[in-house]
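Observations on the model geometry
Below, each chain spelled out in residue letters.
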Amino acid sequence: MANAIKTIGVLTSGGDAPGMNAAIRAVVRTALARGLNVKGIMRGYAGLLKEEIIDMDSRSVSDIIQRGGTILYTARCDEFKTEEGQRKGAEICRKHGIDGLVVIGGDGSFNGACKLSNLGINTIGIPGTIDLDIACTEYTIGFDTAVNTAMEAIDKVRDTSTSHERCSIIEVMGRSAGYIALWCGIANGAEDILLPERYDGDEQGLINRIIEHRKRGKSHHIIINAEGVGHSTSMAKRIEAATGIETRATILGHMQRGGRPTCKDRVYASIMGAKAVDLLCEGKSNRVVGYKHGDYVDFDINEALQMKKDVSEYQYEISKVLVR
């Protein structure tokens, strides 16, 4: 093929997620095994526009699969949201001989990949986000590690909450998606789970349940609150004033992004990284790798971005049944 891929670039963009390094490693080593050159682009699209581009070989990705974060670093880039920035990015790719690009990130990162594809740079996206909020795939890199990190932290808060007979509001990440909150709510046996997709703002109903549970002999009350609902500290003050029960808020924050990736994140990220390279070698572009029904598949990025995703109503209802 006259237009066969010769050099692949790889970047990580948006929020970091455990398992990104495993994906980078898989991209680099799969590309090398296919006889391709590989260039790493530092700090996402911001680094692309500044030409922070390095040559990568097999040793470049040694001993990184077990590390959290991303060795390529990541950054936001407002300039790349402009047509001028996108054209500049495409020209820089051509200048460095990058005719295929793997973008590891979330929806915003895929928007950028789509723009580069329209400008003639073959692009493949890999879903890397702890929020599990990309609709075309049942799994996103980093979710398993993040939810396990949060679960373990919540177990510890529960111990002290029980000892002091408190109500505890524990805020987990998830600005517009409540998957971490829902999974932790089930795994940690929370009495209440507040999701951006479901919470109706009925704080009085929440207060009534806390009082009812205390009357039934419960010594503590755990509320898992998604970041998208937020206001955990002020909510804790209002609940304590209304119930007379000592109430504390704990915001887990960015600790959920860090740490050694779980086996699941390492394996899924590795296979997705290899799949992305294979798609480029097949001449495909403007695709995103996904996981559906036990298999690794790919979707058109435009179609993927238009898909909508909601938390499972059945899982949400079960979470409420299990705390009765």
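Quick note: structure is the one above.
One numbering rule holds for all chains: residues counted from 1, following each sequence as written. Restriction of local features to residues with pLDDT of at least 70 applies here, the model being predicted, together with a cutoff of 80 or more for giving and counting side-chain atom pairs; totals for whole chains, interfaces and linings are based on all residues. With hydrogens and water stripped out, all remaining heavy atoms of the structure feed into the side-chain values.

Let us look at the packing of helix H6 (residues 179–187) against helix H11 (residues 313–321). The convention used is that axes are lines fitted to C-alpha atoms, helices contributing only their stretch in contact, and that angles between N-to-C directions extend from 0 to 180 degrees. Helix and strand definitions follow DSSP, with helices as H or I runs of at least four residues and strands as E runs of at least two, each counted in order from the N terminus. Where H6 meets H11, the axes come as close as 9 Å, and the angle between the chain directions of the two elements is 35 degrees. Considering the relative orientation of H6 and H11, their crossing is left-handed. Where H6 abuts H11, its residues Leu182, Trp183 and Ile186 lie against Gln315, Tyr316 and Ser319. Each residue is assigned to one class: nonpolar for Ala, Val, Leu, Ile, Met, Phe, Trp, Tyr, Cys and Pro, charged for Asp, Glu, Lys and Arg, and polar for all the others, Gly among them. Counted by class, the contact of H6 with H11 contains 4 nonpolar, 2 polar and no charged residues. Take the far helix as your reference; a near helix turned counterclockwise from it by less than a right angle gives a left-handed crossing, and one turned clockwise gives a right-handed crossing. Two residues qualify as a contact provided that any one of their heavy atoms is within 4.5 Å of a heavy atom in the partner residue.

Time to look at the nonpolar core. Here, nonpolar core refers to any group of buried Ala, Val, Leu, Ile, Met, Phe, Trp, Tyr and Cys residues whose side-chain atoms link them within 4.5 Å. Burial classification: accessible surface area is computed with a 1.4 Å probe over protein chains only, and a residue below 20% of its type maximum counts as buried, one above 50% as exposed, and the rest as partly exposed. Within the largest apolar cluster, 62 residues are counted, with the highest numbers of intra-cluster contacts made by Ile8, Met56, Val102, Ile180 and Ile224. Aside from chain neighbours lying at most four places away, what touches valine 102 is Ile8, Gly9, Val10, Leu11, Val27, Ile124, Ile126, Ala276 and Leu280. Judged by nonpolar contacts, the second largest core, of 26 residues, contains Leu11, Ile53, Ala90 and Cys93.

Throughout, a disulfide means two cysteine sulfur atoms within 2.5 Å of one another. Scanning all chains against the criterion turns up 0 disulfides. Here cysteine 93 stays free of any disulfide, with the sulfur of cysteine 77 as its closest cysteine sulfur at 13 Å. Residue classification places cysteine 93 among the buried positions, given a relative accessible area of 0%. Among the cysteines around cysteine 184, which has no disulfide bond, cysteine 167 carries the closest sulfur, lying 17 Å off. Residue classification places cysteine 184 among the buried residues on the basis of a relative accessible area of 1%.

This brings us to the packing of aromatic side chains. Only Phe, Tyr and Trp rings take part, Trp by its six-membered ring, and two of them pair if their centres are within 6.5 Å. Stacked means planes under 30 degrees apart, edge-to-face means over 60, and tilted covers everything else. Scanning the model with the defined rule gives 6 aromatic pairs in all. When the ring of tyrosine 268 is compared with that of tyrosine 296, the centres are 5.8 Å apart and the planes differ by 75 degrees; the resulting orientation is edge-to-face. Note that tyrosine 268 is positioned in helix H9 (residues 263–281) and tyrosine 296 in strand E11 (residues 295–300), a separation of 28 residues in sequence. Using a relative accessible area of 16% as the deciding quantity, one classes tyrosine 296 as buried. Connected via pairs of aromatic rings, a cluster forms that spans Tyr139, Tyr268, Tyr291 and Tyr296.

Two strands form a pair only when DSSP identifies at least two bridges running between them. Strand order across the open sheet formed by 4 strands is E7-E8-E6-E9, with parallel pairing between neighbours. Both edges of this open sheet fall to strand E7 (192–194) and strand E9 (247–251), since each of them pairs with a single strand only. Pairs of neighbouring strands in the sheet enclose a mean axial angle of 15 degrees, with direction left out of account. With 5 bridges joining them, strand E6 (residues 167–172) and E9 adopt parallel strand pairing. Its bridge partner being in E9, isoleucine 170 is matched across the sheet by threonine 250. Along the sheet, H6 contacts E6, E7 and strand E8 (221–226); its crossing angle with E7, the most-contacted strand, is approximately 175 degrees.

In terms of burial, strand E1 (residues 7–12) is largely enclosed, as 6 of its 6 residues are buried. Going residue by residue along E1, you find Thr7, Gly9 and Leu11 tucked away on one face and Ile8, Val10 and Thr12 tucked away on the opposite face as well. Pairing geometry for E1 and strand E2 (residues 37–41), over 4 bridges, is parallel. For isoleucine 8, the partnering residue across the bridge sits in E2 and is valine 38. A crossover links E1 with its parallel partner E2, the connecting element being helix H1 (residues 20–33), and its sense is right-handed. Summarising the sheet, E1 and strand E4 (residues 100–105) pair through 5 bridges and their orientation is parallel. Handedness of a crossover is defined as follows: with both strands directed away from the viewer, a clockwise route from the first strand across the helix to the second makes it right-handed.

The phi torsion at glutamate 165 lies on the positive side, around 55 degrees, for a residue other than glycine. Checked against the element boundaries, glutamate 165 lands in the loop between helix H5 (143–163) and E6. For asparagine 286, which is not a glycine, the phi torsion comes out positive at approximately 60 degrees. Inspection of the secondary structure puts asparagine 286 in the loop between H9 and strand E10 (287–292).

So, on to the layout of surface pockets. Note on definitions: the grid is 1 Å and covers protein atoms alone; a cavity is a set of points where a 1.4 Å probe fits but cannot get out; a pocket is an open set with protein on both sides within 12 Å along at least five of seven lines; lining residues have an atom within 4 Å of a point. Grid points are joined across faces, edges and corners, and a volume is the space filled by probe spheres set on the points. Each pocket or cavity is described by its volume, and for the largest pocket that value is around 700 Å³. The volume enclosed by the second largest pocket comes to roughly 420 Å³. Forming the boundary of the second largest pocket are 19 residues, of which Glu191, Asp192, Arg209, Tyr316 and Lys320 lie nearest the centre. Listed by contribution, the elements that provide at least two residues to the lining of the second largest pocket are E7, helix H7 (203–215) and H11. Here the lining of the second largest pocket gets 4 residues from one element, more than from any other, and that element is H7. In the lining of the second largest pocket, the residues fall into 7 nonpolar, 2 polar and 10 charged.

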